[in-house]
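Letter by letter, the chains look like this.
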Amino acid sequence: MTTVLENPLRTGSRLERTAQPFTMVIFGATGDLTKRKLVPALYNLAVENYLPPNFSVVGFARRDWTDDYFRQEMHDGVKEHSRTPVEESIWDSFSQNLHFLSSEFDKEQGYKDLRTLLDRLDEQCGTSGNRLYYLSTPPSYYPTIIEHLGAAGLNKKSRGKNGYARIIIEKPFGYDLDSARQLNDQLHQVFNEDQIYRIDHYLGKETVQNILVLRFANGLFEPTWNRQYVDHVQITAAESIGLEGRGGYYEGAGALRDMVQSHLLQLLNLVCMEPPVAFDANAVRDEKVKLLRAIRPIRGNAVAEQVIRGQYGEGWVHGEHMSEYRQEKNVDQQSATETYVAMKLFVDNWRWQGVPFYVRTGKALTKRVTEIAIQFKQPPQVLFGAEASEGGGMEPNVLAIRIQPDEGISLKMMVKTPGTRLNIRPVKMEFHYGSSFGGKPPEAYERLLLDSLLGDSTLFTRSDEVEAAWGFVSDILRAWEHLPPPSFPNYESGSWGPREADRLLYRDGREWRWP
Ligand code: BG6
């Protein structure tokens with residue numbers, strides 16, 4: 001007989017959080033996201049019994065697919081992208097819940113048909129009138145879909161039923177501050193704020209959620225988490241991939257909109273925000289909005305000084321040749337779109353006044369790594385002279401939170417090396433999710449879909465939050481419009497980005513980490 005050993009550290013990771021019966025409608029279901037992320041996430045939730053026995057998924061898109069064809073496509077997607085291997089017997093019953101409705105997004109009839117289908121599924125599958133709409137189309141369709149959902153009465157509880165109607169909106173939520181406000185207005189004409197779930201998949205990552213746990217479930221860090229003890233903070237989100245066929249979208253977006261406005265400001269926020277009064281959606285998001293409003297705007301001439309942009313030229317990444325950005329499909333050969341941004345910013349509040357935050361992100365860089373490094377001030381150097389250090393100089397303590405890959409936390413500290421002389425050198429105290437907990441953590445979309453089914457919007461962006469983030473980013477975008485066009489490409493694929501980004505820190509007597 002084989003004995004299955006439970007990892008005692010994992011105990012408690014399964015809280016009872018099974019969703020009520022529901023129907024999820026995915027607009028734009030023939031796109032990549034549905035196949036790579038959404039349906040694999042639902043499948044894994046089903047495998048782990050987080051989904052109720054009664055649920056349906058309706059793919060709504062323009063292509064003329066049948067239920068069977070949709071099921072087959074999703075089967076291939078799940079096989080390729082699921083966190084756990086597909087078990088055909090589970091898939092067979094799971095796939096019976098998948099349906100497809102073919103319609104243009106701007107045709108009233110499509111929404112009438114959707115309504116009829118939803119009513120039928122309620123009857124047949126007992127989905128109780130609970131509806132979750134997922135907008136996964138190009139953003140230009142968002143207003144049309146929202147308006148038609150309202151006109152068809154699909155934004156409300158169904159007649160005679162107690163169900164909910166919720167809507168999840170993929171990023172990008174707007175293109176700048178004005179368009180984000182406009183989209184918020186359009187949404188609010190049809191849905192109440194508590195029905196709206198603006199998704200940022202970084203908030204679904206285990207390691208990102210752990211930032212708040214690290215800060216507020218431990219007594220050790222918080223007392224030093226401020227301008228008195230922290231020298232500076234570095235946030236890096238480096239990607240080694242290029243565009244992967246997304247030129248059509250990316251060329252009009254660029255790294256500032258694509259990564260900084262959403263994911264990086266979220267990371268910054270979780271590191272910097274004040275403790276919320278409760279761990280609930282509004283208390284957490286109140287603090288996040290406060291923090292975003294405390295970020296010192298970067299405007300006019302300060303933009304050239306504090307924000308560096310780059311675009312990749314050709315080079316080699318992991319031993320493979322990569323062509324320059326301007327050669328990508330759907331990209332202008334003279335493109336001025338940035339694939340890299342580095343910036344120095346300040347948070348003007350009681351806790352962080354004067355502490356620089358260096359933030360960088362880019363594509364086609366030397367490796368994929370996302371980390372947050374808190375560098376602490378050094379103690380007065382009176383006891384141990386430079387001669388005590390083997391490595392040539394005492395080094396500061398650094399707490400590095402590794403978001404991905406090789407998720408974990410490390411703390412660098414100085415220790416005495418064994419021996420009769422006083423030699424001091426840095427060592428790292430490390431925690432790795434992989435070795436401590438084993439297994440793969442749930443994918444971000446699993447957590448976020450489940451939360452939206454449970455009605456918990458803590459990990460979703462509120463309207464004022466998304467506008468505050470765009471406010472900061474739009475100042476920079478406006479300034480760029482008036483600056484001379486950058487001479488792109490200015491960094492090689494497979495490097496750590498443009499040289500100017502290094503100068504951003506050299507000027508302050510610091511340097512980027514090489515995570
Ligand atoms: C997406 C961006 O939101 O996040 C992509 O649009 C980027 O350009 C991706 O590659 C990064 O996500 P992750 O989870 O791979 O770090």
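Cut-offs applied
Residues numbered from 1 in each chain as written. Predicted model: local features only at pLDDT ≥ 70, side-chain atom pairs only at ≥ 80, totals over all residues. Heavy atoms only, no water. Buried < 20%, exposed > 50% of the residue type's maximum accessible area, 1.4 Å probe, protein only. Helix = DSSP H or I, 4+ residues; strand = E, 2+ residues; numbered from the N terminus. Arc of directions from axis to C-beta. Expected span 1.5 Å × (residues − 1). Contact = heavy atoms within 4.5 Å. 1 Å grid on protein atoms, 1.4 Å probe; cavity = no way out; pocket = protein on both sides within 12 Å on 5 of 7 lines; lining within 4 Å. Points joined across faces, edges and corners; volume = space filled by probe spheres on them. Nonpolar A, V, L, I, M, F, W, Y, C, P; charged D, E, K, R; others polar. Pairing = 2+ DSSP bridges. Axes fitted to C-alpha atoms, helices over the stretch in contact; angles between N-to-C directions. Near = heavy atom within 4 Å. Polar contact = N/O pair within 3.5 Å; in protein donor to acceptor, adjacent residues only side chain to side chain. Areas by Shrake-Rupley, 256 points an atom, 1.4 Å probe, with all protein chains shown as cover. Salt bridge = Lys/Arg side-chain N within 4 Å of Asp/Glu carboxyl O.

**Structural notes on helix 5 (residues 142-151)**
All buried positions along helix 5 are accounted for by Tyr142, Ile145, Ile146, His148 and Leu149. Buried residues of helix 5, viewed axially, fall in a sector of 165 degrees; they line one side. Summarising the geometry of helix 5, the exposed residues directed more than 90 degrees from the buried face are Glu147 and Ala151. Of the residues trailing helix 5, Gly153 is marked for its positive phi of about 75 degrees.

**A look at helix 6 (residues 177-190)**
Between its terminal C-alpha atoms helix 6 stretches 21 Å, which fits the 20 Å expected from 14 residues at 1.5 Å a residue. Turning to helix 6, its buried residues are Leu177, Ala180, Leu183, Asn184, Leu187 and Val190. All buried residues of helix 6 project into a common sector of 150 degrees when viewed along the axis, lining one side. Opposite the buried face of helix 6, at more than 90 degrees from it, the exposed residues are Asp178 and Gln189. Packed against the buried residues of helix 6 are helix 5, strand 5 (165-169), strand 6 (196-198) and helix 14 (463-482).

**Describing empty space enclosed by the protein**
Rolled over the atoms, a probe with the dimensions of a water molecule shows which regions are left empty. Tallying each qualifying case throughout the model produces one cavity of 30 Å³ or more. Reported here for the largest cavity is a volume of approximately 200 Å³. Lining the largest cavity are 21 residues, and of these Asp200, Gln261, Ser262, Thr461 and Val466 sit closest to its centre. Of all the secondary-structure elements, those providing two or more residues to the lining of the largest cavity are helix 9 (255-272) and helix 14. Element by element, the count of residues in the lining of the largest cavity is highest for helix 9, at six residues. Tallied by class, the residues present in the lining of the largest cavity amount to nine nonpolar, six polar and six charged.

**Observations concerning the sheet that holds strand 2 (residues 55-61)**
If you trace the six strands from one edge of the open sheet to the other, you get 3-2-1-4-5-6, paired in parallel fashion. One side of each edge strand has no neighbouring strand; the edge strands of this open sheet are strand 3 (98-102) and strand 6. The sheet shows a mean angle of 20 degrees between the axes of neighbouring strands, taken without regard to direction. Sitting on the sheet, helix 2 (residues 67-81) touches strand 2 and strand 3, and the angle it makes with strand 3 is about 120 degrees. Contacts from helix 6 reach strand 5 and strand 6 within the one sheet, and its direction differs from that of strand 6 by about 155 degrees.

**Observations concerning the site of the ligand**
As a matter of local geometry, the ligand sits amid Lys171, His201, Tyr202, Lys205, Glu239, Arg246, Asp258, Met259, His263, Lys363, Arg368 and Gln404. Residue Asp258 places a side-chain N or O atom 2.6 Å away from an oxygen atom belonging to the ligand. A distance of 2.7 Å separates an oxygen atom of the ligand from a polar side-chain atom of Gln404. In isolation the ligand offers 400 Å² of accessible surface; the protein chains occlude 81% of this area. In terms of residues, the shell around the ligand owes the most to one element, helix 9, which gives three residues. Across the shell around the ligand, the residue classes break down as two nonpolar, three polar and seven charged.

**Digging into the pattern of salt bridges**
Under the defined criterion, the tally for this structure stands at 30 salt bridges. A salt bridge links Arg462 to Asp464; the shortest N-O distance between them is 2.9 Å. Arg462 gets classed as buried once you look at its relative accessible area, which sits at 11%. Among the residues examined, Asp464 registers a relative accessible area of 25% and is labelled partly exposed. Residues Asp502 and Arg499 are paired through a salt bridge, measuring 3.9 Å at the closest nitrogen-oxygen approach. With Asp502 and Arg499 both in helix 15 (residues 499-506) and three residues apart, the pair spans about one turn of that helix. For Asp502, a relative accessible area of 24% puts it in the partly exposed group. With a relative accessible area of 62%, Arg499 lands in the exposed category. Within this structure, Arg215, Glu222, Glu274 and Arg351 form a network of salt bridges that share partners.

**Comments concerning unusual backbone geometry**
Following Lys171, the chain continues to Pro172 via a peptide bond in cis, the omega torsion being 0 degrees. By the element assignment, Pro172 lies in the loop between strand 5 and helix 6. Even without being a glycine, Asn49 presents a positive backbone phi close to 65 degrees. Examined against the element boundaries, Asn49 turns out to sit in the loop between helix 1 (32-47) and strand 2. A positive phi angle, near 55 degrees, is found at Ser128, a position not held by glycine. Mapped onto the fold, Ser128 is located in the loop between helix 4 (108-125) and strand 4 (131-135).

Just geometry here; none of it tells us what the structure is for.
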